[in-house]
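Remarks on the overall topology
So you can see what is in the structure, the chains are spelled out below.
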Amino acid sequence: MKSQPLSHWGLNTSRLVLGCMGLGGGWNRDPITNEHLKHAESAVEAALEAGITMFDHADIYTMGKAETVFGQVLKKRPQLRDSIVIQSKCGIRFAEGDVPSRYDFSKSHILNAVDGILQRLGIETLDILLLHRPDPLMEPDEVAEAIHSLKSSGKAKRFGVSNMSAGQIRFLQQASSEPIIVNQLEMSLGHLHWLEQGILVNQHAGTSVNFAEGLLEFCQTERIQIQAWSPLARGVFTGRAADSEPEHIRQTAALVARLAQQKETTPEAIVLGWLMKHPARIQPVIGTANPKRISACRDAERQAELMTREEWYQLYVSARGANMP
């Protein structure tokens with residue numbers, strides 16, 4: 001039996017992760033309402049019923065309200081904390097006055113951000129802290145100091161990154177004794193650069209691919225868990241109106257629907273199962289906060305196991321809109 005995600009690093013997690021970006025209302029400073037709390041409770045309950053035990057946050061999601069409302073759910077169900085894995089991200093800062101939005105991996109910002117995350121969530125420690133988007137001004141030794149401080153104080157147990165290349169991870173890792181155990185990347189049937197980079201080696205078409213060379217293999221070799229953000233491709237293959245999409249995308253949506261009908265499952269399970277079929281043991285972070293769509297994902301792991309190589313390639317070739325080179 002294949003190991004579960006992050007088991008090598010001492011965590012017992014589900015194959016799917018619930019991304020909590022949609023909790024807490026809008027991306028504004030409006031107060032959290034009872035409706036926002038009820039919505040968060042419904043989303044969390046739907047995730048638990050679907051077997052999801054890992055929850056992904058970031059300090060910027062809905063201006064901090066996503067973590068706050070999730071913390072209120074935990075306050076009402078304190079026993080839940082011991083049975084779930086919580087990760088959050090920091091490093092993106094919004095515009096302030098004349099200062100533009102930017103990335104910030106300074107020690108002071110990381111430490112202050114984690115204090116805010118813990119306060120909003122109402123917990124004492126994060127299971128995993130991710131650095132959100134690469135900061136061009138990153139000083140690895142300074143980040144390592146922040147990581148050491150967080151680990152020694154018990155505020156964060158493990159560490160990862162988001163949207164980083166192999167070179168960036170190596171650069172950071174050489175300064176810190178704490179292993180980088182997660183890299184979160186955009187990956188889906190609608191965002192195929194992660195596959196195209198390997199397929200188009202030594203071909204001119206590969207020059208248009210925007211994915212760091214060797215990153216997939218590096219993460220697998222170093223046992224860095226790859227997590228996929230936006231794995232459902234914003235619903236384009238699972239029911240969202242696709243009239244304005246290219247023909248091959250509409251055809252792929254129809255193919256997903258046929259496979260779902262044949263296998264007596266949901267389109268969401270087919271799309272996620274295709275991603276999870278990959279040997280990298282990708283862990284999708286589903287971004288929907290709709291309880292019905294969360295429930296529709298519950299069969300994904302089984303569909304990954306049932307999916308044949310032929311079906312996997314059928315979906316891939318359809319989604320890329322061209323035959324294999």
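Predicted model, so just to flag it, every value in this text is computed and none were measured.

Reading the values: rules and limits
- Residues numbered from 1 in each chain as written.
- Predicted model: local features only at pLDDT ≥ 70, side-chain atom pairs only at ≥ 80, totals over all residues.
- Heavy atoms only, no water.
- Helix = DSSP H or I, 4+ residues; strand = E, 2+ residues; numbered from the N terminus.
- Rg over C-alpha atoms; globule rule 2.2 N^0.38 Å.
- Buried < 20%, exposed > 50% of the residue type's maximum accessible area, 1.4 Å probe, protein only.
- Contact = heavy atoms within 4.5 Å.
- Lys, Arg positive; Asp, Glu negative; His and termini not counted.
- Charge placed at Lys NZ, Arg CZ, Asp CG, Glu CD.
- Core = buried A, V, L, I, M, F, W, Y, C linked by side-chain atoms within 4.5 Å.
- Axes fitted to C-alpha atoms, helices over the stretch in contact; angles between N-to-C directions.
- Parallel < 35°, antiparallel > 145°, perpendicular 65-115°, else oblique.
- Nonpolar A, V, L, I, M, F, W, Y, C, P; charged D, E, K, R; others polar.
- Expected span 1.5 Å × (residues − 1).
- Pairing = 2+ DSSP bridges.
- Salt bridge = Lys/Arg side-chain N within 4 Å of Asp/Glu carboxyl O.

Describing the overall build of the protein chain
The helix and strand inventory of the protein chain stands at 12 helices and 10 strands. In summary, the protein chain has a C-alpha radius of gyration of 20 Å against a globular reference of 20 Å for 325 residues, a match within 12%. For the protein chain, buried positions account for 53% of its 325 residues. Residue pairs at least 24 apart in sequence account for 76% of intrachain contacts in the protein chain once pairs closer than 6 positions are excluded. The averaged location of the 36 negative side-chain charges in the protein chain is 4 Å from the averaged location of its 34 positive side-chain charges.

Comments concerning the nonpolar core
Nonpolar side chains in soluble globular proteins generally cluster together in the buried interior. Counting 97 residues, the largest nonpolar core has Phe-70, Leu-129 and Trp-274 as the members making the most contacts within it. A per-element tally of this core places helix H3 (residues 107-121) first, with seven residues. Not counting residues up to four positions away in its chain, the partners in contact with Trp-274 are Ser-188, Leu-189, Leu-192, Trp-194, Leu-195, Met-307, Trp-312, Leu-315 and Tyr-316. Counting 10 residues, the second-largest nonpolar core is a separate cluster that includes Leu-11, Val-85, Ile-128 and Val-285.

Some thoughts on the packing of helix H8 (residues 247-262) against helix H12 (residues 309-320)
Packing of H8 against H12 brings their axes to within 7 Å, and their N-to-C directions diverge by 155°. Judged by the angle between their axes, H8 and H12 are roughly antiparallel. Here His-248, Ile-249, Gln-251, Thr-252, Leu-255, Val-256 and Leu-259 of H8 come into contact with H12, specifically with Glu-311, Gln-314, Leu-315, Ser-318, Ala-319 and Arg-320. Among the residues forming the contact of H8 with H12, the class breakdown is six nonpolar, five polar and two charged.

Notes on helix H2 (residues 65-76)
Taking 1.5 Å as the rise per residue, H2 with 12 residues should run 16 Å; its terminal C-alpha atoms sit 17 Å apart, in good agreement. Within H2 the residues assigned to the buried category are Lys-65, Ala-66, Glu-67, Val-69, Phe-70, Gly-71, Val-73 and Leu-74. On its buried side, H2 packs onto helix H1 (34-49), strand E2 (54-56), strand E3 (85-90) and H3.

Some details on the sheet that holds strand E8 (residues 180-186)
Strand order in the closed barrel formed by eight strands is E1-E2-E3-E6-E7-E8-E9-E10, with parallel pairing between adjacent strands. Ignoring strand direction, the axes of neighbouring strands in this sheet form an average angle of 30°. Here three bridges tie E2 to E3, and the two strands are oriented parallel to one another. Opposite Met-54, over in E3, you have Val-85 as the bridge partner. Its contacts with the sheet put H3 on E3 and strand E6 (126-132), and the angle it makes with E6 is roughly 135°.

Observations regarding the pattern of salt bridges
Using the criterion set out here, one finds 19 salt bridges in the structure. Across the salt bridge formed by Glu-45 and Arg-77, the nearest N and O atoms sit 2.8 Å from each other. With a gap of 32 residues between them, Glu-45 in helix H1 and Arg-77 in the loop between H2 and E3 connect regions that are remote in the sequence. What makes Glu-45 partly exposed here is its relative accessible area of 30%. For Arg-77, a relative accessible area of 27% gives the class partly exposed. The salt bridge involving Lys-263 is made with Glu-311; its shortest N-O contact spans 3.1 Å. Highlighted residues: Lys-263 in the loop between H8 and helix H9 (267-276) and Glu-311 in helix H12, separated in sequence by 48 residues. You can call Lys-263 partly exposed: its relative accessible area is 21%. Taking the relative accessible area as the measure of exposure, Glu-311 reaches 16% and is therefore buried. Several salt bridges converge on common partners, so that one network encompasses Arg-93, Glu-96, Arg-102 and Asp-104.

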